Amino acid sequence: MEHSEAQDTAQEPARPGGQDRLRRAWTGMLADADRIADGITAVLLGKGPAGGGWSTPELQALLRRSTREHVGRGLRILAGRADDDGGTARAVDVWRDTGIERARQGVPLEAVLSAYTTGNLLLWEAMTDRVRDGRAEITAEELVTAGRRLWHDLGVQSEVMSEAYRRETARQELRDLRRQENYLAGLLEGRAADPEFAGQAEQILGIRADAPVACVVAVVEDPHSEPLHHPEDRVERMGGTSRWGVRDGALYGVVAMQGADEAWLSDLLRPAVEGRVGVALARQGMADTAAAFRLAARAAATLPVGARRLVWASARLPELLLETSPEVGSMIVEQVLAPVLALPAHQRTTLLDTLRALLRHSGSPTSAAEELFCHRNTVIYRSRRLVELTGCSPQEPRGRLLLELAVLAHDLAVSGGRSAPAG
């Protein structure tokens, strides 16, 4: 709709005086500029639901006003009367500013480009009508030249405006992402206990402050790999909402859990798991997220280094107790398993395997023997040997508890699990 004076020479008609006739023809349209602009606006607003992207009364009023400004200015440039407006450089600035403004207003780029295309088309049709009615004295060749200039300038307008629009959109997305990460960090730090912060976080993150959320922590073992591959895409495809960030060697995120359960989220995320991932539920919403993030991080830390697995904190309670208090784990191993661990490697391995089998089968030597492919009496002999060395019997509740914890603490230490930071 707006045009560049720099194209006059390049597009000048071959016939002598043609440029002057074209300028006079465009000048004759200045009096009808607002009517032409309103016609363009009516066409744009008639393009499907919400006027092709101009979805509110405010945006529709803006479209009407902007179209009038662009058509009036474009006709003045085409008529050779743009000196007072700053000429070509000013027109380019207007196109660029329009792209930035429309991006900030949320008008789709397609709707903005459609406005420019429709405007130029209807300007040329208005000129054609004037020639047909005898109100403009230009030749058919000069009319074609006018059309060529309009479409040439449309390409320049669209390119300048589109580049500005996309740059502004990228800046907005980066700014929004940084704001989301700042509020996620606040959840890690426990700031959601403040109702004012929780309300702001709800607005920025798009997650209800009082709704249950799952807190996810994925340990980054290798900076060149992802422990959880594009989880936001998987959640979004299922109609869910999630927000993600990276901090202190971990990918962390919150996932809205309304209408979902642990099994649903596990099935959803498991195909994306490429490392150690822990999950914990914040049942009371954002106010519980700091504690849930700590539990999720500790659950991930109970997995062996290099594992590719997702675990819920609720399913790893004994491991969490030992990971939270490694001194207690070391003490239990020392008091219960130290004599077994001091044996030669073959004897040590045999007795530990037997102990694990007995614990899995509630102390039953028959079931343990079936698992180990050996005679029941052999398991009974080894069980007695374990009682002698450890002072604990797998058939007694307290002895079985101590043995369970000792084996668990030993296996955690051997697996190389380490704490995953989460605030």
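Residues numbered from 1 in each chain as written. Predicted model: local features only at pLDDT ≥ 70, side-chain atom pairs only at ≥ 80, totals over all residues. Heavy atoms only, no water.

## Considering the UniProt feature "domain: CdaR GGDEF-like" (unreviewed entry) in the protein chain
Phase 1: The UniProt record marks residues 190–301 with the feature "domain: CdaR GGDEF-like" (unreviewed entry), using the residue numbering of this structure.
Phase 2: Split by type, residues 190–301 is 35% helix and 24% strand. Its first and last C-alpha atoms lie 21 Å apart. (UniProt positions renumbered as here; feature names shortened; annotations may be inferred. Helix = DSSP H or I, 4+ residues; strand = E, 2+ residues; numbered from the N terminus.)

## Observations regarding the pairing of strand 1 (residues 213–219)
Phase 1: Burial within strand 1 is extensive, with 7 of its 7 residues counted as buried.
Phase 2: Both faces of strand 1 are covered, namely the face carrying Val-213, Cys-215, Val-217 and Val-219 and the face carrying Ala-214, Val-216 and Ala-218.
Phase 3: Pairing analysis gives 6 bridges linking strand 1 to strand 4 (residues 276–282), with the strands arranged antiparallel. Residue pairing in the sheet places Val-216 in a bridge with Val-279 of strand 4. (Buried < 20%, exposed > 50% of the residue type's maximum accessible area, 1.4 Å probe, protein only. Pairing = 2+ DSSP bridges.)

## Comments concerning the side chain of Arg-356
Phase 1: On the secondary structure map, Arg-356 appears in helix 14 (residues 345–360).
Phase 2: Among the polar contacts listed, one links the side chain of Arg-356 to the side chain of Asp-353, at a separation of 3.3 Å.
Phase 3: Sequence-distant contacts of Arg-356, defined by excluding residues within four places in its chain, comprise Val-407, His-410 and Asp-411. (Polar contact = N/O pair within 3.5 Å; in protein donor to acceptor, adjacent residues only side chain to side chain. Contact = heavy atoms within 4.5 Å.)

## Remarks on unusual backbone geometry
Phase 1: The phi dihedral of His-230 is positive, around 45°, even though this residue is not glycine.
Phase 2: One can find His-230 in the loop between strand 1 and helix 9 (231–237).
Phase 3: Looking at His-230, the relative accessible area reads 35%, which means it is partly exposed.
Phase 4: In the Ramachandran plot, Asp-248 falls in the positive-phi region, its phi being about 50° despite a non-glycine side chain.
Phase 5: Here Asp-248 lies in the loop between strand 2 (242–247) and strand 3 (250–256).

## Some words on the packing of aromatic side chains
Phase 1: This structure, assessed with the given rule, holds 2 aromatic pairs.
Phase 2: Between Tyr-252 and Phe-293 the ring centres are 5.9 Å apart and the planes differ by 85°, which places this aromatic pair in the edge-to-face class. Remark: Phe-293 occurs in helix 11 (residues 289–301) and Tyr-252 occurs in strand 3; sequence separation between them is 41 residues.
Phase 3: Looking at Tyr-252, the relative accessible area reads 4%, which means it is buried.
Phase 4: The exposure class assigned to Phe-293 is buried, which follows from its relative accessible area of 0%. (Phe/Tyr/Trp six-rings, centres within 6.5 Å; stacked < 30°, edge-to-face > 60°.)

## Observations concerning the packing of helix 1 (residues 18–28) against helix 6 (residues 109–132)
Phase 1: Following both chains from N to C, one finds helix 1 and helix 6 inclined at 100°, their axes separated by 11 Å at the closest point. The angle between helix 1 and helix 6 places the two elements in the roughly perpendicular class. Where helix 1 approaches helix 6, its residues Ala-25, Trp-26 and Gly-28 are matched on the opposing element by Leu-123, Met-127 and Arg-130.
Phase 2: Of the residues that constitute the contact of helix 1 with helix 6, the class distribution is 4 nonpolar, 1 polar and 1 charged. (Axes fitted to C-alpha atoms, helices over the stretch in contact; angles between N-to-C directions. Parallel < 35°, antiparallel > 145°, perpendicular 65-115°, else oblique. Nonpolar A, V, L, I, M, F, W, Y, C, P; charged D, E, K, R; others polar.)

## Description of the pattern of salt bridges
Phase 1: On inspection of all chains with the given rule, the structure shows 25 salt bridges.
Phase 2: Residues Asp-38 and Arg-64 are paired through a salt bridge, measuring 3.8 Å at the closest nitrogen-oxygen approach. Taken together, the positions of Asp-38 in helix 2 (residues 33–45) and Arg-64 in helix 4 (residues 57–78) put the pair 26 residues apart, joining distant regions of the chain.
Phase 3: Of the charged contacts, one joins Glu-189 and Arg-247 as a salt bridge, the two residues approaching to 3.2 Å between their closest N and O atoms. Pair noted here: Glu-189 is in the loop between helix 7 (140–188) and helix 8 (195–205) and Arg-247 is in strand 2, with a separation of 58 residues, a long-range link.
Phase 4: Here the salt bridges do not stand alone but share partners, grouping Asp-34, Asp-38, Arg-64 and Arg-68 into one network. (Salt bridge = Lys/Arg side-chain N within 4 Å of Asp/Glu carboxyl O.)

## With respect to the confidence of the model for the protein chain
Phase 1: Per-residue confidence for the protein chain gives a mean pLDDT of 87; residues scoring 70 or more make up 91%.
Phase 2: Note on residues 5–14: pLDDT is under 50 here. Beyond four places in sequence and across chains, it has 24 contacts.
Phase 3: For the stretch residues 418–423, pLDDT sits under 50, and the model shows 18 contacts to residues farther than four places along the chain or on other chains. (pLDDT = per-residue confidence, 0-100.)

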